[in-house]
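Observations on chain architecture
The lines below spell out each chain.
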Amino acid sequence: MGIFGKSKIDERFSDSDRSRRTVRSRIKSRIIHNNGTGNINLEDAMNQVSLEPEKYTPEVVSDADKEVSVTCSGCNEEIPITLMRRNLYVCPKCGKHLKISAKRRMRNIVDPGTFRRLKCSVPFVNPLDYPEYDEKISQLKDKTGLDEGVLSGVGEIEGEKAVIAVMGSEFLMGSMGIAVGEMITNSFEVADKLKLPLIIFTASGGARMQEGILSLMQMAKTSAAAKKFSEHGGLYISCLTHPTTGGVSASFATLADITLAEPGALIGFAGPRVIEQTIGQKLPEGFQRAEYLETHGFIDQIVDRKDMREVLAHILRLHDKKRRSK
Ligand SMILES: [Zn+2]
């Protein structure tokens, strides 16, 4: 972290060596499901799924970018964008994990050139005739390059194949409407069909109010898909990022075999202010943050963004080994 000397994040990164060892021993002691693959031909099965090639290559830094800086929402420090990018948008000063787009996260996670996007075939619906909803959605599609609030597909992490879905908080706060529910359900079904593990990165404000009750129904739908996938022996890893709240936290986000989270992520159903007003009590320090939830057994391990690829690859390798030995 050159320009800032030894910062908190350096210390945290050296701490994370210890945390990686802990996650390894925890995972080893856990029963990891056998996918029960039989004689599936992965390439044939993948050809039956509608996938589009999408290349994720390292970002090119232009001369104009070198002048740009971003303000950290944790310490208000101005950080050069080039340094932020190198640091995967983790503040080198205070260690705050800033929000990143779904595409950027996917680029950070998958091996370059291995990702194939799952096509979203959900037609747009506006069940409540919500004013200007359709314009908003089409603008967001253009702006974000996403089909809806989820980017999903098949990719490799350190050579280990998996179905990976990433929610985009840049798309209407990652709220879960019909399309998001269908894309998540589809990810479970594709992972089941291909006999691959499933990794979902969640980031969501909850239900999509523009779709009313149909939005809430996605909780039941995605939970049912998670249950079915589990019954078929699939490995599901959930990575909770800031913020994971509302209907997403109350459904598939917290139904995984292994639940990881990014440091400092807000994870909960209702917001802390709403809870305080409802129960008329002050909430404990750090309530609904990843660290609090880890201490109380809700999360298996907090993983720094820069270690996430390695931890996921390690879990996938353990799982694969177990499958092969059966
Ligand atoms: Zn900061």
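Residues numbered from 1 in each chain as written. Predicted model: local features only at pLDDT ≥ 70, side-chain atom pairs only at ≥ 80, totals over all residues.

Put simply, the rule reads: UniProt positions are given in the numbering used here, feature names are shortened, and annotations may be inferred rather than shown by experiment.
The name given to the protein in an unreviewed UniProt entry is Acetyl-coenzyme A carboxylase carboxyl transferase subunit beta, with the source organism recorded as Eubacterium ruminantium. Listed under Catalytic activity (unreviewed entry) in UniProt, the entry text for the protein is "N(6)-carboxybiotinyl-L-lysyl-[protein] + acetyl-CoA = N(6)-biotinyl-L-lysyl-[protein] + malonyl-CoA". The UniProt entry for the protein carries the following text under Pathway (unreviewed entry): "Lipid metabolism; malonyl-CoA biosynthesis; malonyl-CoA from acetyl-CoA: step 1/1."

A short note on the environment of Thr 254
What counts is decided by this rule: Only DSSP runs of H or I covering at least 4 residues are called helices, and only runs of E covering at least 2 are called strands; the numbering of each starts at the N terminus.
Along the polypeptide, Thr 254 turns up in the loop between α9 (246–249) and β9 (258–261). Counting along the chain gives 10 residues from Thr 254 to Thr 244, while the straight-line C-alpha distance between them is 9.9 Å.

Quick look at helix α7 (residues 178–194)
Quick reminder: α-helices carry 3.6 residues per turn. Residues three or four places apart thus point the same way. Short version of the rule: The length a helix should cover is 1.5 Å for every residue beyond the first. Here the C-beta atoms are placed from the backbone, and a residue counts as buried if at least 20 other C-beta atoms lie within 10 Å of its own, exposed if 12 or fewer do, and partly exposed otherwise.
If you check α7, its first and last C-alpha atoms are 24 Å apart, about what 17 residues at 1.5 Å a residue would give, namely 24 Å. Most of α7 is tucked away, with 14 of its 17 residues classed as buried. Of the residues flanking the end of α7, it is Lys 195, one or two places downstream, whose phi is positive at about 55°.

Re the UniProt feature "binding site: Zn(2+)" (unreviewed entry) in the protein
Basically, it comes down to this: Once C-beta atoms have been placed from the backbone, residue pairs whose C-beta atoms lie within 7 Å are recorded as contacts.
Taking the numbering used here, the UniProt-annotated feature "binding site: Zn(2+)" (unreviewed entry) corresponds to Cys 72, Cys 75, Cys 91 and Cys 94. In summary, the annotated positions, though distributed over 23 residues, converge in three dimensions, the widest C-alpha pair being only 8.6 Å. Assignment of secondary structure puts Cys 91 in the loop between α4 (81–86) and α5 (102–109). Non-local contacts of Cys 91, meaning those with residues more than four positions away in its chain, are made with Cys 72, Gly 74, Cys 75, Glu 77, Ile 79, Lys 96 and Leu 98.

Description of the UniProt feature "zinc finger region: C4-type" (unreviewed entry) in the protein
Here, the residues flagged by UniProt with the feature "zinc finger region: C4-type" (unreviewed entry) are residues 72–94. With 26% helix and 13% strand, the stretch residues 72–94 has end C-alpha atoms that lie 9 Å from each other.

As for the nonpolar core
In a soluble, globular protein the nonpolar side chains are often hidden away together inside. Condition: When buried Ala, Val, Leu, Ile, Met, Phe, Trp, Tyr and Cys residues are joined through C-beta atoms within 7 Å, the set is termed a nonpolar core.
Val 163, Ile 164, Val 166, Leu 198 and Ile 237 are the most contacted members of the largest nonpolar core, which totals 63 residues. In terms of residue count, α7 provides more of this core than any other element does, nine residues in total. In contact with Leu 198, not counting residues within four places along its chain, are Ala 162, Val 163, Ser 187, Phe 188, Ala 191, Phe 229, Gly 234 and Tyr 236. One finds Cys 72, Tyr 89, Val 90 and Ile 100 within the second-largest nonpolar core, a separate group that totals six residues.

Concerning the packing of α7 against helix α8 (residues 212–231)
Quick reminder of the rule: Orientation is described by lines fitted to C-alpha atoms, with helices fitted over the stretch in contact, and by angles between N-to-C directions that extend from 0 to 180 degrees. Orientation is classified from the angle alone, with under 35 degrees giving roughly parallel, over 145 giving roughly antiparallel, 65 to 115 giving roughly perpendicular, and any other angle giving oblique. Under the convention adopted here, Pro, Cys and the residues Ala, Val, Leu, Ile, Met, Phe, Trp and Tyr are nonpolar, Asp, Glu, Lys and Arg are charged, and Gly plus all remaining residues are polar.
Running from amino to carboxyl end, α7 crosses α8 at an angle of 5°, the nearest separation of the two axes being 9 Å. In terms of axis orientation, α7 runs roughly parallel to α8. Of the residues in α8, those touching α7 at Ile 178, Val 180, Gly 181, Ile 184, Thr 185, Phe 188, Glu 189, Ala 191 and Asp 192 are Leu 214, Gln 218, Lys 221, Thr 222, Ala 225, Ala 226 and Phe 229. A class-by-class count of the residues in the contact of α7 with α8 yields nine nonpolar, four polar and three charged.

Focus: the confidence of the model for the protein
Applicable threshold: The predictor rates its confidence in each residue with pLDDT, a number between 0 and 100.
Predicted confidence across the protein gives a mean pLDDT of 87, with 85% of residues reaching 70 or more. Considering only residues more than four positions removed or in separate chains, one finds that residues 1–16, a stretch of pLDDT under 50, has 19 contacts. Counted against residues more than four places away or in other chains, residues 26–38, with its pLDDT under 50, gives 25 contacts.

What about the pairing of strand β5 (residues 150–157)?
Note the threshold: Here, a strand pair is defined by DSSP locating no fewer than two bridges between the strands.
For β5, the buried fraction is high: seven of the eight residues fall into the buried class. In this structure, strand β4 (residues 116–118) lies alongside β5, joined through two bridges in antiparallel fashion. Counterpart to Arg 116 in the pairing with β5 is Val 154. Strand direction decides the pairing type here: β5 and strand β6 (residues 160–167), joined by eight bridges, are antiparallel. Following the sheet pairing, Glu 156 is matched in β6 by Lys 161. Count of turn residues in the β5/β6 antiparallel hairpin: two residues, of which Glu 158 carries a positive phi of about 45°.

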